[in-house]
Amino acid sequence: MRSRLALPIAILTTAALAVSGCTKKNDNDTSSGSTAGAKTYKVAFVPKLQGVPYFEAMNAGGKAAAAALGNVEWLYQGPTQADAAAQADIVRSYIQQKVDTLIVAPNDPDSMAPLLQQAKDAGIHVATADTDAPSSVREVFVNQATAEGIGQGLTDALLTAMGGKGKYAIVSCGQTAENLNSWIKVQQAYTKEKYPDATIVDVVYAGEDQAKATQMATDLMNAHPDLTGLVGECTSSAPGVAQAVKDAGKIGKVFTVGLGTPQAMKPYLTDKSSTAAILWDVQNLGYLTAWAGAQIAEGKQFQATNNVSDKLTGVTYDATSKMLLLGPALQITDKNVDQFNY
Amino acid sequence: MSTVTATIRHRVLPPRLTGQEIVLAGVLVVLWAALAVSTPAFLTAGSIQPLLVATAPIALAGVGMTIVIITGGIDVSVGGAIMVCSVLTAKALVGAEVSLPVAVLLSVAVGGALGLVNGVLIAYGRVHAIIITFGTANLFMFLGLRIFGSGTVNGIPGTLAFFGRGAGGRTLGVPHAFLITVLITAAAWWYLRHTAGGRHFFAIGGDAQAARLAGVRVQRRVLLTYLITGLLVGLASCFVIAQGTSTLDQSVGSGKELAVIAAVVIGGTSIMGGRGSVLGTLLGALLVQSVASGVTQLGWRSQLSDLFVGVFIIVAVGADLLRTRARRSR
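What you see is a predicted model; the values in this text were computed from it and never measured. (Residues numbered from 1 in each chain as written. Chains lettered and ligands numbered in written order. Predicted model: local features only at pLDDT ≥ 70, side-chain atom pairs only at ≥ 80, totals over all residues. Heavy atoms only, no water.)

1. Comments concerning the sheet that holds strand β7 (residues 166-172) of chain A
Residue and element names in this part refer to chain A.
Thinking step 1. Read across the sheet, six strands follow the order β8-β7-β9-β10-β11-β15 without closing on themselves; strand pairing throughout is mixed. If you trace the sheet from one side to the other, it starts and ends with β8 (198-205) and β15 (330-332), each paired once. Across the sheet, the mean angle from the axis of one strand to that of its neighbour is 20°, orientation sign disregarded.
Thinking step 2. By the bridge criterion, three bridges tie strand β11 (residues 276-279) to β15 in an arrangement that is antiparallel. In the sheet register, I278 faces β15, and the bridge partner there is Q331.
Thinking step 3. Where helix α6 (residues 178-194) meets the sheet, it contacts β7, β8 and β9 (227-232), and its direction lies at approximately 165° from that of β8.
Thinking step 4. Packing against the sheet, helix α7 (residues 210-223) makes contact with β7, β8 and β9, and its axis sits at approximately 160° to β9. (Pairing = 2+ DSSP bridges. Helix = DSSP H or I, 4+ residues; strand = E, 2+ residues; numbered from the N terminus. Axes fitted to C-alpha atoms, helices over the stretch in contact; angles between N-to-C directions. Contact = heavy atoms within 4.5 Å.)

Next up, the structure:
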C-alpha cells in the first residue's frame, strides 16, 4: 500500500506545485498592433499586482493605445500579490525576452533600481508609471498626478465635509509604498498650513487587507471619540474606512475620503459613508503609459506639452525631473460615479 | 511540576485547563486591564464587539487547525481555501442573490470539499501534511484567482451582515460570529476531552503506530481532521466576507493560514502533536487581536503588533519545548 501509492502521490504533488507555479505567470495579456510594414515595438508593463480593477483599467488603456498607435505590442503581467520579489521575477523574464521598453510600477523602488539598470545594460528602454523609482536609471516617469494634487485633493475634500476643523486619522496600506508616503507628507504639511484648526491624530498601516483596514479604522474611532474624519489612502482601505463608519452607525458624524476605484466606492458614496474618492482617469494613465513607452522606444523626445490622443491633450513634460504628468486629480462623488465602469 | 503530573496520572481525563491556558487567560486579563487604564475607550462595547468579530474567523478556523496539529499534521492551505470559499460565496451573493442560509451552506460545502481533497491526499498518500497542503494551497489560490477572473467582486449585498460588525451582527450586544465560534469551540473541547473518538486524535499525534496497534483507524481519523478544518474554514469565510467591505479583492485570505497557526501555537498546542486544546486556541486568537487593536488604540506604530505576536509565538513554543524536556528527563 505504502510503496504503491507514495510515488504517484509524490508525482502528483510535484506536478501540482509546478502547474500552480507556472499558471500564475501565464496570464499574459497580449494585443499586437499591425505587424505589417513598420517595426513593432514591444512595450511591457509590470503592475504592482494584477487582477485588481485599478491596474486592469490601466491595462485596458494600454491595449487601446496599442490598437490606436498600430506599431506597439502591449505586454502586461504582474504578480498576484503586491510583492517585490515576485515582481522582480517578472521583470527579469521581460529582460530575457528582450522587450523594447520595460515599464514598471515598482512595489519597492529601492530594490527595483538595480534591475532597471540591468535592463538598460541589456539595451532595453526603461520607465516607471504610477509609482516612481526616483534613484534609478528610468528615462521617464509617467505620473498620474503630482503628490501635491492628490494630497491637497484628499485634504480639501475631507476638510470641506468636516467643516474645516477637527481631528482626523489616515489608514494607509504598505508602509514602504513611495507614492502613498509622499501623499501623506503633503496631507500633513497642507493640513497644518491651510487648516490650522484641524489635526491628524494618527497614521496606521493595514497592508492590502480590507478587513484589517476596517478594524483599524474602528479602533481609531474608539481611541479618539472626537474623531470626525478618516482617510483611506489606497484602494483597499478607502472602502474599508467607509465600511467602519457605516458599521459603527456614525454616518454624518465621521466623514471619510479615500483613493478608491469608482465601482468599489459606489455603495459608500451613495449611502454617504464616503464623501468623495480622489482618483485620476486610470484608463487614460494606461494609454499615456503605452504611448510614452513607444515614444522612448522610437527614440523620440518629449515636448513640453504633448498631444497624445483626442482625449488626452496638453500632457505636460518636465525635463528636469523627466516626468510626464497626466493632469489634475479627479474628484469622484455620488454625482459622477456612474461615468466610470471600473 | 512533578506533583501536578503525578496527580494527573491517576485521572482518566486530562486536566480541564492546561497551564498554558491559565497563563494565557492571565495575560489577557492583565493586557485588557492595562489597555482599559491607558485608553479609556478600550473596554467599551463599541471597541470590544468589533474586536470579538475580528477574532471569530481566525479562532473558528483555529478549532480545525488545533485538531489537525494534535494529530501531528498541519494545514497551510487555509488561506487559499478561504479565498476560494469567499469568492464563490460572494459571486453567488451578487449574481444569484442567494439567501443567508444558502450562502452559508454553499461556503461550508465548498470548504468541506477542499478539506476532503487535503484529507484524502494526506491520509492515503502518506506524504507529510505540510507538503500536500503546500501544494493544495497553491492550487486553491490558482482556483480562487481564476474565479476572480482579473477583477474584484463589487456590490456584495448585506446578506451576511448577521455575522458582521454592524448593529445587525449582534443580539443583546453579543456578536453572532463570536457566539457561534464559542459554541463550536465548546463542542470541540467536549468532544476532544470526553469521547473515545476525540482521544484518538491525541493518540495518533502521540504515536501513530501505537495508535494503529491499539485499534484506532488512523487514516480515517486523519482524513476527518482535514474535513472538519475545511468545513470550519467555509463558515469562517462567511465571517470574512461579512467583516470586509462590499467589494472583495484577491488579497482575501492571504496570510491567514499563518495567523491561524499562530493562534494555535500561542494557545499551547504542541506543534509536534499529541497535546493541545481548542480553548487555548480561542484565547490565543483573542490575545493576537487584542494586541493589534491595542497597538492602534494606543497610537503606537502598526508594525509593533507583529513584533508582539512574534514574541508570543517564540515564548509559547519555548514553553512547550521546556515542558517536553521536563517530561522526558523524568
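And the narrative resumes.
2. A look at the interface of chain A and chain B
Thinking step 1. Contact with chain A, which involves 46 residues of that partner, is made by 46 residues of chain B.
Thinking step 2. Carbon and sulfur atoms make up 54% of the area that chain A and chain B hide from each other, which totals about 3800 Å².
Thinking step 3. Contact with chain B buries area across many residues of chain A, yet Q210(A), Q215(A) and N222(A) alone supply 14% of it, more than any other trio.
Thinking step 4. Scanning the region where chain A abuts chain B turns up two salt bridges.
Thinking step 5. Taking the shortest distance from any N to any O, the salt bridge between K256(B) and D209(A) comes out at 3.0 Å.
Thinking step 6. Residue assignment for the side of chain A that touches chain B shows that the elements contributing at least two residues are α1 (2-23), α2 (53-69), β8, α7, α8 (237-247) and α9 (262-270) of chain A.
Thinking step 7. Considered class by class, the residues forming the side of chain A that touches chain B number 20 nonpolar, 17 polar and nine charged. (Buried area = accessible area lost by both parts, 1.4 Å probe. Salt bridge = Lys/Arg side-chain N within 4 Å of Asp/Glu carboxyl O. Nonpolar A, V, L, I, M, F, W, Y, C, P; charged D, E, K, R; others polar.)

3. Quick look at the pairing of strand β3 (residues 72-76) of chain A
A regular strand places its side chains so that they alternate between the two faces of the sheet.
Residue and element names in this part refer to chain A.
Thinking step 1. Within β3, five of the five residues are buried, leaving the element largely enclosed by the surrounding structure.
Thinking step 2. What you see with β3 is no split at all: V72, W74 and Y76 on one side and E73 and L75 on the other are buried throughout.
Thinking step 3. Two elements, strand β2 (residues 41-46) and β3, share five bridges in a ladder whose sense is parallel. Note on β3: the bridge partner recorded for Y41 is V72.
Thinking step 4. On the question of chirality, the crossover connecting β2 to the parallel β3 by way of α2 is right-handed. (Buried < 20%, exposed > 50% of the residue type's maximum accessible area, 1.4 Å probe, protein only. Right-handed = clockwise from strand over helix to strand, strands pointing away.)

4. A word on the UniProt feature "domain: Periplasmic binding protein" (unreviewed entry) in chain A
Thinking step 1. As recorded in UniProt, the sites labelled "domain: Periplasmic binding protein" (unreviewed entry) are residues 43-301 of chain A.
Thinking step 2. As annotated, residues 43-301 of chain A comprises 49% helix and 20% strand, and the C-alpha atoms at either end are separated by 17 Å. (UniProt positions renumbered as here; feature names shortened; annotations may be inferred.)

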